[in-house]
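# Report on the structure
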Amino acid sequence: EAKNITSLYLCPHDRKPLPRFQPSQSLTLRLILPGDDDPVERNFPVSSSPSPDFYRITVERNNNDPVSHYIHTSVNPHTILKVGAPRGEFCIDTTLFRPLAMIAEGVGIAPFVSMIEEAVESNSQRSITLFYSVQNQDEHAMPYHLKSLEAQYCNLKVVTIFRDEDESDACDYAGPMTVDLLRSVLHSNNFDF
């Protein structure tokens, strides 16, 4: 998805349909890491819209984090993982009409992609503006997918912000994300955030 960011598509081992979930709910993975007897649990937001066939999670590799390191180096298409049912309340209502502003940074984009995909697939009329801040192009997760969603959904505006001002030609805005920047794009305060 980007430098040090990958997505896993988790399919049911028994081939039964997966439980439906609310966009951006989280999955709990229970892993036994090499050299450790005790399982480790970690929550990851689902980064796809609800599907009976798979859950997608998007994970950033951090060499100081043994869980993300394990996922990036040891999980392969034949790995069987123990995964809890989706849960959490960080969700949107796609039936509302009040405009929505989303603010994401780095791999934190994952739950918002889930919400946006659901809005696209449900033909929601809700206007969504996504402010997405990353250091530079290398860290910009899912750039082509976000552009594709923006092309499919006329009510979506993706505003890409690179903190590295040397790459200003590859984004909408360069520098820090500020309240003034949000105001200049939104033009009103009639948004849910």
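Notes on the structure follow.

So, how was this worked out
- Residues numbered from 1 in each chain as written.
- Predicted model: local features only at pLDDT ≥ 70, side-chain atom pairs only at ≥ 80, totals over all residues.
- Heavy atoms only, no water.
- Helix = DSSP H or I, 4+ residues; strand = E, 2+ residues; numbered from the N terminus.
- Expected span 1.5 Å × (residues − 1).
- Buried < 20%, exposed > 50% of the residue type's maximum accessible area, 1.4 Å probe, protein only.
- Contact = heavy atoms within 4.5 Å.
- Arc of directions from axis to C-beta.
- Phe/Tyr/Trp six-rings, centres within 6.5 Å; stacked < 30°, edge-to-face > 60°.

### Here we look at helix α2 (residues 110–121)
- Between its terminal C-alpha atoms α2 stretches 17 Å, which fits the 16 Å expected from twelve residues at 1.5 Å a residue.
- Among the twelve residues that make up α2, eleven are buried, leaving the element largely enclosed by the rest of the structure.
- Along α2, the residues classified as buried are A110, P111, F112, V113, S114, M115, I116, E117, E118, A119 and V120.
- Taken together, the buried residues of α2 touch β3 (40–45), β4 (55–60), β6 (100–105), β7 (128–134), α3 (143–152) and β8 (156–162).
- Immediately downstream of α2, the backbone of N123 shows phi near 55 degrees, a positive value.

### Some thoughts on helix α1 (residues 66–74)
- Listed as buried for α1 are V67, S68, Y70 and I71. Mapping the buried residues of α1 onto a view down its axis gives an arc of 160 degrees, with all of them on the same face.
- Elements in contact with the buried residues of α1: β1 (5–10), β2 (26–31), β3 and β4.

### Comments concerning the packing of aromatic side chains
- Tallied over the full model, the rule gives three aromatic pairs.
- Centre to centre, the rings of Y9 and F54 are 5.2 Å apart; their planes meet at 55 degrees, and the pair counts as tilted. In this pair, Y9 is assigned in strand β1 and F54 in the loop between β3 and β4, connecting sequence segments 45 residues apart.
- A relative accessible area of 26% places F54 in the partly exposed class.

In short, shape yes, function no, at least from these values alone.
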